[in-house]
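Descriptive analysis of the structure
Residues per chain, in single letters:
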Amino acid sequence: MFIATKTISIQNETFTLTNQRAAFWEKEKALILSDLHIGKTAHFRKNGIALANHIMKSDMERLSALIEYFQPDKFIVVGDLLHAGDNSDVDEFCRWRNQYPEIQFYLIEGNHDRLSESLEKKLCLNFKAPSLEVRSFTFIHDFEKTKPGFQITGHIHPGIILHSAVKSIRLPCFVLSPYQLLLPAFSEFTGLDTKNLPEKSTFFVFTDSEIYEI
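A short tour of the structure in this document, coming up. (Residues numbered from 1 in each chain as written. Predicted model: local features only at pLDDT ≥ 70, side-chain atom pairs only at ≥ 80, totals over all residues. Heavy atoms only, no water.)

What follows deals with the packing of helix α2 (residues 54-70) against helix α3 (residues 88-97). What describes two packed helices is the angle between their axes and the distance between those same axes. Here α2 crosses α3 at 20°, and the two axes come no closer than 11 Å. The orientation of α2 with respect to α3, classified from their angle, is roughly parallel. In this structure, the crossing between α2 and α3 has a hand that is right-handed. Here Met56, Lys57, Met60, Leu63, Ser64 and Ile67 of α2 come into contact with α3, specifically with Asp89, Glu92, Phe93 and Trp96. Its residues assigned to classes, the contact of α2 with α3 comprises 6 nonpolar, 1 polar and 3 charged. (Axes fitted to C-alpha atoms, helices over the stretch in contact; angles between N-to-C directions. Helix = DSSP H or I, 4+ residues; strand = E, 2+ residues; numbered from the N terminus. Parallel < 35°, antiparallel > 145°, perpendicular 65-115°, else oblique. Left-handed = near helix turned anticlockwise from the far one by under 90°. Contact = heavy atoms within 4.5 Å. Nonpolar A, V, L, I, M, F, W, Y, C, P; charged D, E, K, R; others polar.)

Right, here's the structure in full:
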């Protein structure tokens, strides 16, 4: 796995975007990502659709590589950590999480994050709330037009379509507008929304080997 990076400035703060679907906030030493949808493959298997669990293992391997690369103090998930409550994939995630007891684990609740008290304890969360304000930024799963300030969000699973003379391809991306940084879905087992994206935005598109601004 290769980690390509793109450094940008937001509100006079340095953020590093990566082709591995996560961002790093330098001043806070925070690794930021969204939409892991842990338990999605197990949920499909439970409902009779055979899916190998290597999808989630791949996501966790990428996340471990990012932790090794950035050495973060904080781990902020901007919603949809889970997909369908508690299942065997969640057990596997918790075993993975226990490898990093020194990292503070923040969960911004998404529409899929329906956590019982026992599940919240099992996940070893240090923080859980519908939103989080740090310095001049608000972390929230879905953008709220009525909320002032700059928002870091997920939920949309953003992607764009690039056209060539031969074919068109769909790629995931980060989306930066004057009021929002929209994160890509961290899990590769998600679709892409190429339509409901913020207006007047800059797109940071990535592949397995690079990340670039368009």
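A separate point is the environment of Leu162. Of note, Leu162 is situated in strand β11 (residues 159-163). In this structure, the C-alpha to C-alpha distance between Leu162 and Pro72, residues 90 residues apart in sequence, is 33 Å. Those residues in contact with Leu162 that sit more than four places away from it in its chain are Lys167, Ser168, Ile169, Leu171, Val205, Tyr212 and Ile214.

For the rest of this paragraph, the subject is the side chain of Asn19. Summarising the element assignment, Asn19 is placed in the loop between β2 (13-18) and β3 (23-25). Polar side-chain contacts of Asn19 include one of 2.7 Å to the backbone nitrogen of Ala4. Looking at Asn19, its side chain comes within polar contact range of the main-chain oxygen of Asp208, at 2.9 Å. Ignoring anything within four residues of it in the chain, the contact list for Asn19 reads Phe2, Ile3, Ala4, Phe206, Thr207, Asp208, Ser209, Glu210 and Ile211. (Polar contact = N/O pair within 3.5 Å; in protein donor to acceptor, adjacent residues only side chain to side chain.)

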